[in-house]
Amino acid sequence: MNIIIIEDEFRAAKSLQNLLLELKPDAKIIDVYDSIETSVEALSKGIKADLIFMDIQLSDGLSFEIFKQVEITCPIIFCTAFDQYMLDAFKSKGVDYVLKPFSRDDIAEALKKVDELKMFFQKNELPELEALLQKINQPQSTGKSSFLVFKNQKYTTIPTENIAYFYIHNEITHLMTFDKQQFQLTQTLGQVAEQVSQKQFFRVNRQYIINFTAIKEMEHYFQRKILVKLTVETPEQLLINKEKSHSFFTWLEDR
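Residues numbered from 1 in each chain as written. Predicted model: local features only at pLDDT ≥ 70, side-chain atom pairs only at ≥ 80, totals over all residues. Heavy atoms only, no water.

### Considerations on the overall build of the protein chain
Broken down by element type, the protein chain carries seven helices and 17 strands. Relative to its full complement of 255 residues, the protein chain shows a buried share of 38%. Partitioning the intrachain contacts of the protein chain with sequence separation of at least 6 by distance along the chain shows that 50% fall at a separation of at least 24. By element, 50% of the accessible surface of the protein chain is carried by carbon and sulfur atoms, the whole surface being about 16000 Å². (Helix = DSSP H or I, 4+ residues; strand = E, 2+ residues; numbered from the N terminus. Buried < 20%, exposed > 50% of the residue type's maximum accessible area, 1.4 Å probe, protein only. Contact = heavy atoms within 4.5 Å. Areas by Shrake-Rupley, 256 points an atom, 1.4 Å probe, with all protein chains shown as cover.)

### Focus: a nonpolar patch on the surface
There is a patch of nonpolar side chains on the surface, built from Leu 148, Phe 150 and Tyr 155 and spanning about 370 Å² of accessible area. With respect to the helices and strands, the residue Phe 150 is situated in strand S8 (residues 146–151). (Patch = residues over 30% accessible without salt bridge, like charges linked within 9 Å, V, L, I, M, F, W, Y side chains within 5 Å. Salt bridge = Lys/Arg side-chain N within 4 Å of Asp/Glu carboxyl O.)

### A short note on helix H1 (residues 10–23)
Along its 14 residues, H1 runs 20 Å from first to last C-alpha, staying within 8% of the 20 Å computed at 1.5 Å per residue. Turning to H1, its buried residues number three or more, namely Ala 12, Ala 13, Leu 16, Gln 17, Leu 19 and Leu 20. (Expected span 1.5 Å × (residues − 1).)

### Thoughts on the nonpolar core
Counting residues in hydrophobic clusters, the biggest one holds 20 residues, and the most contacted among them are Ile 4, Ile 6, Ile 52, Met 54, Ile 66, Ile 72 and Phe 78. If you tally residues by element for this core, the top one is helix H2 (residues 36–44), at four residues. The contact partners of Ile 6, leaving out residues within four places of it in the chain, are Tyr 33, Ser 39, Ile 52, Phe 53, Met 54, Asp 55, Leu 58 and Ile 66. If you look at the next biggest cluster of nonpolar residues, it comprises 19 residues, including Ile 210, Ile 215, Leu 238 and Leu 252. (Core = buried A, V, L, I, M, F, W, Y, C linked by side-chain atoms within 4.5 Å.)

### Some remarks on the sheet that holds strand S17 (residues 238–240)
Sheets are built from strands that pair by backbone hydrogen bonding, the pairs being arranged parallel or antiparallel. If you trace the three strands from one edge of the open sheet to the other, you get S15-S16-S17, paired in antiparallel fashion. The strands lining the two open edges of the sheet, one partner per strand, are strand S15 (215–220) and S17. Strand-to-strand twist in this sheet, taken as the mean axis angle between neighbours without regard to direction, amounts to 30 degrees. Sheet topology note: the strand S16 (residues 226–230)/S17 ladder contains three bridges and is antiparallel. When the bridges of S17 are listed, Leu 227 appears paired with Leu 239. Taken strand by strand, helix H7 (residues 242–253) contacts S15, S16 and S17, and its axis lies near 140 degrees from that of S15. (Pairing = 2+ DSSP bridges. Axes fitted to C-alpha atoms, helices over the stretch in contact; angles between N-to-C directions.)

### Re the packing of aromatic side chains
Taken as a whole and assessed by the stated rule, the structure comprises 13 aromatic pairs. Ring centres of Phe 150 and Tyr 155 lie 4.6 Å apart, and the angle between their planes is 50 degrees; on these two criteria the pair is classed as tilted. Overall, the relative accessible area of 39% leaves Phe 150 in the partly exposed class. With 5.8 Å between their ring centres and 50 degrees between their planes, Tyr 165 and Tyr 208 make a pair best called tilted. (Phe/Tyr/Trp six-rings, centres within 6.5 Å; stacked < 30°, edge-to-face > 60°.)

### Some remarks on H7
Its twelve residues give H7 an end-to-end C-alpha distance of 17 Å, which sits within 8% of 16 Å, the value for a rise of 1.5 Å per residue. Three or more residues of H7 are buried, namely Ser 245, Phe 248, Trp 251 and Leu 252. The arc that holds every buried residue of H7, seen down its axis, measures 125 degrees, which confines them to one face. In H7, those exposed residues whose orientation departs by more than 90 degrees from the buried face are Glu 243, His 246 and Glu 253. (Arc of directions from axis to C-beta.)

### What to know about a negative patch on the surface
Taken together, the side chains of Asp 105, Asp 106, Glu 109 and Glu 116 present a region of like negative charge at the surface. Within the secondary structure layout, Glu 116 lies in helix H5 (residues 104–137). (Lys, Arg positive; Asp, Glu negative; His and termini not counted. Charge placed at Lys NZ, Arg CZ, Asp CG, Glu CD.)

### A word on the pairing of strand S1 (residues 2–6)
The buried count for S1 comes to four of five residues, which makes it a mostly enclosed element. With five bridges connecting them, S1 and strand S2 (residues 28–33) associate as parallel partners. Residue pairing across strands places Ile 3 opposite Ile 29, the latter belonging to S2. Tracing the backbone out of S1, into H1 and back to the parallel element S2 gives a crossover that is right-handed. Relative to strand S3 (residues 51–55), S1 runs parallel, the two sharing four bridges. Bridge pairing links Ile 5 to Phe 53 in S3. (Right-handed = clockwise from strand over helix to strand, strands pointing away.)

Shape is all these values report; function is a separate question.
This is how it looks when you write it as structure tokens:
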């Protein structure tokens, strides 16, 4: 762990160095800066640290001025004799606020907090980020290939490519095939929307999900709505409101 100390009191800086090397034998103290000016000059040159211990009241002003001049991306532990700056400290990437005169236990507890935060993000955020990147890099999912249905005391599967649209009737989800066969589903329309290909199917409203292949024509309707007509007739008119029309046309163009 590479550490920078920003402290204008020599004895406090020296005491902090000794405690850090005792508590973190593998740590390296990169340097100690005693002012805003020297800190900004060093950090502007690209000096990187894993952790910064920072006093707030320095010889040439409050250390918060440093953040206005250089970007600091690592966590910071503030060490100060004053507690009125606590809120500002935590707004400035502060992960802990140690009051002087600090003890060995104070510094040990602050370091423990940094380690715990590091472990938390490694366990929780990074896997999610990796999963997201994998999802982005994967070809767009083709979605569910078929749906299991039950009709006339028999089970059968309907290939998704043969489905013209899904819709809700009497609070039950149905599918309609291109050859005009209708079947009930156990899934909700929301569940169906998550299972089918987002490239091939579009949920036009709360009642209908339509297949791109089933679209026959579209025309403007009252109140800036879009009327969609399919090759297979629907029980009601398919209307897309003006708020959703933009995403609908974007979906149509994404071929």
